[in-house]
Amino acid sequence: MSDQWIKIYRASSPIEAELLGGLLRAEGIQVHVPNNPSAGGVGELPADAIETAIYVMPDASDAAKQILNLYEQNSANNAEWYCSGCGELNPGSFEECWQCQKERPIKD
Ligand SMILES: [Zn+2]
């Protein structure tokens, strides 16, 4: 039995780190995301100073890597899109147009 966390991923932001941590936890993987030192209103830290690493237990690292790879593929596909109804530009995370609520076009 080991409690040596291993760093498996470096997220681009603390928000992404939290999101990915949640994703892994949802798959039953134990995750350690160190506290964001900028939390609590310190603010204005250079990006490098913000800890965004994600740690997992060694025995979960393979499964975690698979999930993170999938996430990266999905986020690469997750580009902004134009609504086919009103032509509005929507963020990739939106499933329907923020303006007219038309569904996002299906991608192949
Ligand atoms: Zn629209």
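Structure: above.
For clarity, every value in this text was computed on a predicted model and none was experimentally measured. (Residues numbered from 1 in each chain as written. Predicted model: local features only at pLDDT ≥ 70, side-chain atom pairs only at ≥ 80, totals over all residues. Heavy atoms only, no water.)

A.B. asks: What exactly am I supposed to notice about the overall build of the chain here?
C.D. replies: On a plain count of helices and strands, the chain comes out with two helices and five strands. Secondary structure elements in the chain, listed N-terminal to C-terminal, are β-α-β-β-α-β-β. Partitioning the contacts of the chain with sequence separation of at least 6, the portion at a separation of at least 24 is 49%. Taken as a whole, the chain presents about 7400 Å² of accessible surface, with 50% of it coming from carbon and sulfur. (Helix = DSSP H or I, 4+ residues; strand = E, 2+ residues; numbered from the N terminus. Contact = heavy atoms within 4.5 Å. Areas by Shrake-Rupley, 256 points an atom, 1.4 Å probe, with all protein chains shown as cover.)

A.B. asks: Whenever I open this one, helix 1 (residues 14-26) confuses me. Can you help?
C.D. replies: Owing to its 3.6 residues per turn, the α-helix brings residues three or four apart onto one side. Between its first and last C-alpha, helix 1 extends 18 Å over 13 residues, near the 18 Å set by a 1.5 Å rise per residue. Of the positions making up helix 1, those classed as buried are Glu-16, Ala-17, Leu-20, Gly-21 and Leu-24. Projected down its long axis, helix 1 shows its buried positions confined to an angular sector of 135 degrees, all on one face. Counted as exposed and oriented over 90 degrees from the buried face of helix 1: Ile-15 and Ala-26. (Expected span 1.5 Å × (residues − 1). Buried < 20%, exposed > 50% of the residue type's maximum accessible area, 1.4 Å probe, protein only. Arc of directions from axis to C-beta.)

A.B. asks: Help me out: how do you make sense of the nonpolar core in this one?
C.D. replies: Soluble globular proteins tend to bury their nonpolar side chains together. One finds Ile-8, Tyr-9, Leu-20, Leu-24, Ile-29 and Ile-54 to be the most contacted residues of the largest nonpolar core, which totals 16 residues. Broken down by secondary-structure element, the contributors of at least two residues to this core are strand 1 (6-10), helix 1, strand 3 (53-56) and helix 2 (61-77). Looking at this core element by element, the count peaks at four residues for helix 2. Residues contacting Leu-20, with those up to four places away along its chain left out, are Tyr-9, Ala-11, Ile-54, Leu-68 and Tyr-71. (Core = buried A, V, L, I, M, F, W, Y, C linked by side-chain atoms within 4.5 Å.)

A.B. asks: It is not clear to me how the sheet that holds strand 2 (residues 31-32) should be interpreted in this structure. Could you clarify?
C.D. replies: The strands that make up a sheet are held in pairs by hydrogen bonds between backbone atoms, and each pair lies either parallel or antiparallel. If you trace the three strands from one edge of the open sheet to the other, you get 1-3-2, paired in antiparallel fashion. Of all the strands in the sheet, the pair left with one neighbour each is strand 1 and strand 2. Alignment of strand 2 against strand 3, held across two bridges, turns out to be antiparallel. If you follow Val-31 over to strand 3, its bridge partner there is Val-56. In the packing of helix 1 onto the sheet, the strands contacted are strand 1, strand 2 and strand 3, and the crossing angle to strand 3 comes to about 20 degrees. (Pairing = 2+ DSSP bridges. Axes fitted to C-alpha atoms, helices over the stretch in contact; angles between N-to-C directions.)

A.B. asks: Before we go on, may I ask you to explain the coordination of the zinc ion in this structure?
C.D. replies: Around a metal, the idealised angle for a tetrahedral arrangement of four donor atoms is 109.5 degrees; for an octahedral arrangement of six donor atoms it is 90 or 180 degrees. Summarising the metal site, the zinc ion is bound by the protein donors Cys-83 (SG), Cys-86 (SG), Cys-97 (SG) and Cys-100 (SG), whose distances to it range over 2.2 to 2.3 Å. Every donor counted, the four donor atoms about the zinc ion form angles of 103 to 118 degrees at the centre, which fits tetrahedral coordination. All donors of the zinc ion belong to a single chain; written as a sequence motif, their spacing is C-x2-C-x10-C-x2-C. With Cys-86 in the loop between strand 4 (81-82) and strand 5 (89-90) and Cys-97 in the segment after strand 5, the pair connects residues that are eleven residues apart, well separated along the chain. Here Cys-86 falls in the partly exposed class, since its relative accessible area comes to 35%. Classification of Cys-97 as buried rests on a relative accessible area of 1%. (Donors = N, O, S within 2.8 Å, 3.2 Å for Na, K, Ca; no water. Tetrahedral: all angles 85-135°; square planar, octahedral: opposite > 155°, others 65-115°.)

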